[in-house]
Amino acid sequence: MRARGFTQTRAGIVGQFVLLALAWGSSFLFIKLGLRELSATQVVWARLVVGALALGLLVLVTRSRLPRDIRVWGHLTVVALLLCVMPFTLFAWAQQHISSGLASILNATTPLITMPLAAVALAGERLSRHRVVGLTLGFLGVLTIVGPWHGLGTDNSLVAQSACIGATVCYGLAFTYLRRFVTGRGVAAAPLAFVQVLIGAVLMVVTTPWLAGTPIEGLSGVTILSMLVLGAFGTGMAYVWNNNIIAAWGAANAAAVTYLSPVVGVVLGTVLLGEPLTWNQPLGGLLVILGIMAAHGQLAALVPAGVRDLQSPARRGGSNER
């Protein structure tokens, strides 16, 4: 009998699921901690460089083969901009003006943002009735989070929240681009993640004098540790865990991590940073999560079986005859 590895056992996948939710949910906390002593672009610089080093070590240890087709590298350059450099920068800038918990809630809109973009670009991603319902709930959730009844105000809060939504649009474009131009080319998950994060890191290093050249007077241990964890786990290993979960459970079930990440982000921000939490933020986040569930056809599972039976054709006096 062949022994099962860690990533193949049920306990192993569950463990990686928990780690992934913690890694992505806590990323916003570590960004906030880093911003105490670093600029937004310096946080992105550290995140990508550390992430590339972590993934590079993984590729080296597992002896994974990097893609050799120059066209794949070209496509992954586009992905690096859309999936790493641009959204990371937008979130880091936004968190100078809004809480880490609110940023994590807005990040949860990514699956809903991806759906209409994929429907336009990919023939097999049509908008079904479930997805339309999900998008509607998600839109109402975003409106609830933003709270337009508060007015536009004089601070950068509304602009920062818009930047977070802009970051999720970048994610949606990146996922759609990956599906159309990279998926199916035979590139394994680890080298795929390494190349895109590496390209993002190289872009940040090359542009250091312009984007991350602000003098750093000194870094505390908290800042250094935050950037190491954010890069190695939130940007590095998280990609590998996510791909293992998708392979074991399927994409729809793996997407459930989106339900937990904002909860982790809000709890950590409230407990560790003392961030304020208004009533509309968790309510809007709940609507977004319900929208994601509806879009994946999972909302029906919340309806009691007796109610579903009453709605069946047999209970309504319906017939199978045509």
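Residues numbered from 1 in each chain as written. Predicted model: local features only at pLDDT ≥ 70, side-chain atom pairs only at ≥ 80, totals over all residues. Heavy atoms only, no water.

The name an unreviewed UniProt entry gives the protein is DMT(Drug/metabolite transporter) superfamily permease, with Actinoalloteichus hymeniacidonis as the organism. Regarding the protein, the UniProt comment filed under Subcellular location (unreviewed entry) reads as follows: "Membrane". (UniProt positions renumbered as here; feature names shortened; annotations may be inferred.)

(A) Structural context of the nonpolar core. The biggest cluster of nonpolar side chains holds 76 residues, and the ones touching the most others in it are L48, L76, L83 and I98. In terms of residue count, helix α3 (residues 70–94) provides more of this core than any other element does, twelve residues in total. Ignoring anything within four residues of it in the chain, the contact list for I98 reads K32, A103, L106, S157, A160, Q161 and C164. (Core = buried A, V, L, I, M, F, W, Y, C linked by side-chain atoms within 4.5 Å. Buried < 20%, exposed > 50% of the residue type's maximum accessible area, 1.4 Å probe, protein only. Helix = DSSP H or I, 4+ residues; strand = E, 2+ residues; numbered from the N terminus. Contact = heavy atoms within 4.5 Å.)

(B) Fine view of the side chain of Q196. Among the secondary structure elements, Q196 is positioned in helix α8 (residues 189–206). Take Q196: its relative accessible area is 3%, and that puts it in the buried class. Apart from the residues lying within four places of it in its own chain, the contact partners of Q196 are L76, V79, A80, L83, C84, L178 and Y239.

(C) Highlighting a nonpolar patch on the surface. A surface patch of nonpolar side chains, amounting to about 300 Å² of accessible area, comprises V14, V18, L19 and L22. As for its placement among the helices and strands, L22 is situated in helix α1 (residues 10–34). Using a relative accessible area of 43% as the deciding quantity, one classes L22 as partly exposed. (Patch = residues over 30% accessible without salt bridge, like charges linked within 9 Å, V, L, I, M, F, W, Y side chains within 5 Å. Areas by Shrake-Rupley, 256 points an atom, 1.4 Å probe, with all protein chains shown as cover. Salt bridge = Lys/Arg side-chain N within 4 Å of Asp/Glu carboxyl O.)

(D) View of the packing of helix α4 (residues 100–107) against helix α12 (residues 257–273). α12 packs onto α4 with a crossing angle of 175° between their chain directions and a minimal axis gap of 8 Å. In terms of their interaxial angle, α4 and α12 are classed as roughly antiparallel. On α12, the residues touching S100, G101, S104 and I105 of α4 are P262, G265, V266, G269 and L273. Class assignment for the residues of the contact of α4 with α12 results in four nonpolar, five polar and no charged. (Axes fitted to C-alpha atoms, helices over the stretch in contact; angles between N-to-C directions. Parallel < 35°, antiparallel > 145°, perpendicular 65-115°, else oblique. Nonpolar A, V, L, I, M, F, W, Y, C, P; charged D, E, K, R; others polar.)

(E) A look at unusual backbone geometry. Unusually for a residue other than glycine, R63 sits at a positive phi of about 55°. Of note, R63 is situated in the loop between α2 (40–62) and α3. We classify R63 as exposed; its relative accessible area is 74%.

(F) Highlighting the environment of A119. Tracing the backbone through its elements, the reader meets A119 in helix α5 (residues 110–121). For A119, a relative accessible area of 17% puts it in the buried group. Each C-alpha atom of the pair A119 and T176 lies 9.2 Å from the other, and the pair is 57 residues apart in sequence. For A119, the residues in contact, after removing those within four places along its chain, are E125 and L127.

(G) Focus on the confidence of the model for the protein. Overall, the prediction assigns the protein a mean pLDDT of 83, with 85% of residues at 70 or greater. Taken as a whole, residues 318–322 scores under 50 in pLDDT and shows one contact with residues more than four places along the chain or in a different chain. (pLDDT = per-residue confidence, 0-100.)

(H) Local environment of the environment of L173. Counting through the fold element by element, L173 comes out in helix α7 (residues 157–181). On a C-alpha basis, the gap between L173 and I113 in space is 8.9 Å, while along the polypeptide they are 60 residues apart.

(I) Quick peek at the packing of α12 against helix α13 (residues 280–295). Where α12 meets α13, the axes come as close as 10 Å, and the angle between the chain directions of the two elements is 170°. In terms of their interaxial angle, α12 and α13 are classed as roughly antiparallel. Across from T258, Y259 and P262 in α12, the residues of α13 making contact are I289, I292 and M293.

(J) Looking closely at the environment of L230. Structurally, L230 is set in helix α10 (residues 221–249). Through-space distance from the C-alpha of L230 to that of A46 is 8.6 Å; in sequence the pair is 184 residues apart. In this view, L230 contacts S27, F30, I31, V43, R47 and T235; residues no more than four positions away in its chain are not counted.

(K) Just the packing of aromatic side chains, in detail. Applying the stated rule across the entire model yields five aromatic pairs. The interplanar angle of 40° and the centroid separation of 4.5 Å between the aromatic rings of Y177 and F181 together place this pair among those described as tilted. In this pair, Y177 and F181 are both assigned in helix α7, four residues apart and thus about one turn of the helix distant. By relative accessible area, F181 is classed as partly exposed at 30%. An aromatic cluster of at least three residues, connected via ring pairs, comprises F28, F91, Y171 and F175. (Phe/Tyr/Trp six-rings, centres within 6.5 Å; stacked < 30°, edge-to-face > 60°.)

(L) Region of the structure containing the pattern of salt bridges. A full pass over the atoms with the stated rule returns two salt bridges. One salt bridge in this structure joins D69 and R71, with 3.0 Å as the shortest N-O distance. The closest approach of N and O atoms between R185 and D69, which form a salt bridge, is 3.8 Å. Within this pair, whereas R185 is found in the loop between α7 and α8, its partner D69 is found in the loop between α2 and α3, the two being separated by 116 residues in sequence. The network of salt bridges with common partners includes D69, R71 and R185.

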